[in-house]
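What follows is each chain in one-letter form.
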Amino acid sequence: MLLTFYCLLFYYICACLPGAGLKKISMSEYKFGTNAIHAGQEPDPTTGAIMTPIYQTSTYVQASPGVHQGYAYARGKNPTRVALEKCIASLEYAKHGLCFSSGMGASDAIIKLLRPGDEVIATDDLYGGSYRMFTKVFAHFGIVFHFVDMHDEAAVRKHISAKTKMLWIETPTNPMMKIIDIAAYAKLAKEKNLLLVVDNTFASPYLQNPLNLGADIVMHSATKYLGGHSDVIMGCLCTNDDKLNEQLAFIANSCGAVPGPMDSFLVLRGLKTLHVRMERHCSNGAAIANFLKSHPKVEKVYWPGFPDHPNHAVAKKQMKDFGGMISFSMKNDTIEETRRVMEGTKVFSLAESLGGVESLINLPSVMTHASVPKEERERIGITDSLIRLSVGIEDIEDLIEDLRQAIG
Ligand SMILES: *Cc1c(COP(=O)(O)O)cnc(C)c1O
């Protein structure tokens, strides 16, 4: 009788403890889609709220000077951001994740690992903003950047010297949709003791996991597929290396390009549908690439899913599918014709950026890649009439009809 009483009392006390009775799950045993929804997140211990609260706070109360629960000041750490960092890390199969106020903020932190005199070899065909930051900001601090066609490993090797510290890869490249063999460069990086960084924005962790292929750091503009709804600017990076993570977290806290809790919440929410959105981006992308390829007015379509794409075999090896990013040129490649097509779409919005649920059409030479000098652009293949599409997740019939009427 007394025992029953004590048992009931024990139960009652337990039930009143914060977080009692709520299941905690270890994410490493689950697959991608389950992690996208649950990793890093537990029901709120005080209320049971299923969604991670937006901890809109700059500081945390301490019990006694220096005595706190791991949170002292929100530039260093915020619980909403921590949940997001854990979730993203799980999707890249990484030990550590760090979030930044933008993709450029994440890239900035990575380059700050270097010292004056250090050299970086980067993909020649890369995000215009990365090119601008490397050449217009970090070049002034004595860091030297070489932009090399990474299909040619011999050319990359030729640029490696004792000063080379980092390889910077983007694949698929933007906007030419070239594919670079991550595993091959991971091997070269190990051989030459270089850090291999992969900007994985275009593929998203659903299609490609660079750390599993031997990269040291994977970086994302979470503004794109991770957030997925064109409503937030955010960046992140992941690594398996404890020391690198410590250095990068130190830079993040010291330099301060951290995201706010509301933005962290938006990306955390966006991630929950990443796997489902990516499936549709890929199937819509394939249908549109094939439609454009068969269109009599279209000259060339750049999409890694075509068997005759020069790097199709590498794409098949390192990517799960081929994504929703497509570039193309018209047979009549005058600026007037290009503008006519771009102004004529109704479902595709004429805008920079990519990776959101809505379809976008963009002219790299004038919009996303205007900061790359014209000679450099033309050498890479970014002509004044090259059009880039970010295929969204609308109904495919509507998207194809929209392009059909715009191309005419
Ligand atoms: C958008 C983008 C970036 C920069 O990210 P922001 O979030 O805009 O700062 C970097 N790399 C690639 C490939 C991008 O598309």
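Each remark here, short or long, concerns the structure printed above.
Residues numbered from 1 in each chain as written. Predicted model: local features only at pLDDT ≥ 70, side-chain atom pairs only at ≥ 80, totals over all residues. Heavy atoms only, no water.

Novice: Where do I start with the sheet that holds strand β4 (residues 164-170) in this structure?
Specialist: Through backbone hydrogen bonds, the strands of a sheet pair up, either in parallel or in antiparallel fashion. An order of β1-β7-β6-β5-β4-β2-β3 is seen for the seven strands of this open sheet, with the pairing classed as mixed. Lying at the two open borders of the sheet, with one neighbouring strand each, are β1 (96-100) and β3 (144-148). Taken pair by pair, the neighbouring strands of this sheet meet at an average axis angle of 20°, ignoring direction. The pairing of strand β6 (residues 217-221) with strand β7 (residues 235-239) spans five bridges and is classified as antiparallel. Bridge assignment links V218 to a residue of β7, and that residue is C238. (Pairing = 2+ DSSP bridges. Helix = DSSP H or I, 4+ residues; strand = E, 2+ residues; numbered from the N terminus. Axes fitted to C-alpha atoms, helices over the stretch in contact; angles between N-to-C directions.)

Novice: It is not clear to me how the pattern of salt bridges should be interpreted in this structure. Could you clarify?
Specialist: Should the charged atoms of two oppositely charged side chains come close, the side chains can pair. For the coordinates displayed, the defined rule picks out 16 salt bridges. The salt bridge involving K178 is made with D124; its shortest N-O contact spans 3.9 Å. Linking K178 in the loop between β4 and α7 (182-192) with D124 in the loop between β2 (119-123) and α5 (128-136), this pair joins segments that are 54 residues apart in sequence. By relative accessible area, D124 is classed as buried at 6%. Between E378 and K374 there is a salt bridge whose closest N-O contact spans 3.4 Å. A residue pair is termed a helical-turn pair when its members lie 3 or 4 positions apart in one helix, as E378 and K374 do in helix α14 (residues 374-380) at four residues. (Salt bridge = Lys/Arg side-chain N within 4 Å of Asp/Glu carboxyl O. Buried < 20%, exposed > 50% of the residue type's maximum accessible area, 1.4 Å probe, protein only.)

Novice: Looking at this model, I keep getting lost on the site of the ligand. Mind explaining?
Specialist: By nearness alone, 13 residues border the ligand, and G103, D199, S221, T223 and K224 come closest of all. Separating an oxygen atom of the ligand from a backbone N or O atom of G103 is a distance of 2.9 Å. Within the side chain of T223, one N or O atom sits 2.7 Å away from an oxygen atom of the ligand. In this structure, the ligand is accommodated by the second largest pocket. (Near = heavy atom within 4 Å. Polar contact = N/O pair within 3.5 Å; in protein donor to acceptor, adjacent residues only side chain to side chain. 1 Å grid on protein atoms, 1.4 Å probe; cavity = no way out; pocket = protein on both sides within 12 Å on 5 of 7 lines; lining within 4 Å. Sits in = over half its atoms within 2 Å of the grid points.)

Novice: Looking at this structure, how should I read empty space enclosed by the protein?
Specialist: One simple way to see leftover space: roll a probe sized like a water molecule over the atoms. Per the counting criterion, the structure on display carries one cavity of 30 Å³ or more. The calculated volume of the largest cavity comes to roughly 30 Å³. Lining the largest cavity are D124, D125, L126, Y131, H369, V372, I380 and I382. Grouping the constituent residues of the lining of the largest cavity by class yields five nonpolar, one polar and two charged. Lining the lining of the largest cavity are residues from two domains, each supplying at least three of them: domain 1 (79-271) and domain 2 (274-407). (Points joined across faces, edges and corners; volume = space filled by probe spheres on them. Nonpolar A, V, L, I, M, F, W, Y, C, P; charged D, E, K, R; others polar. Domains from an automatic or database assignment.)

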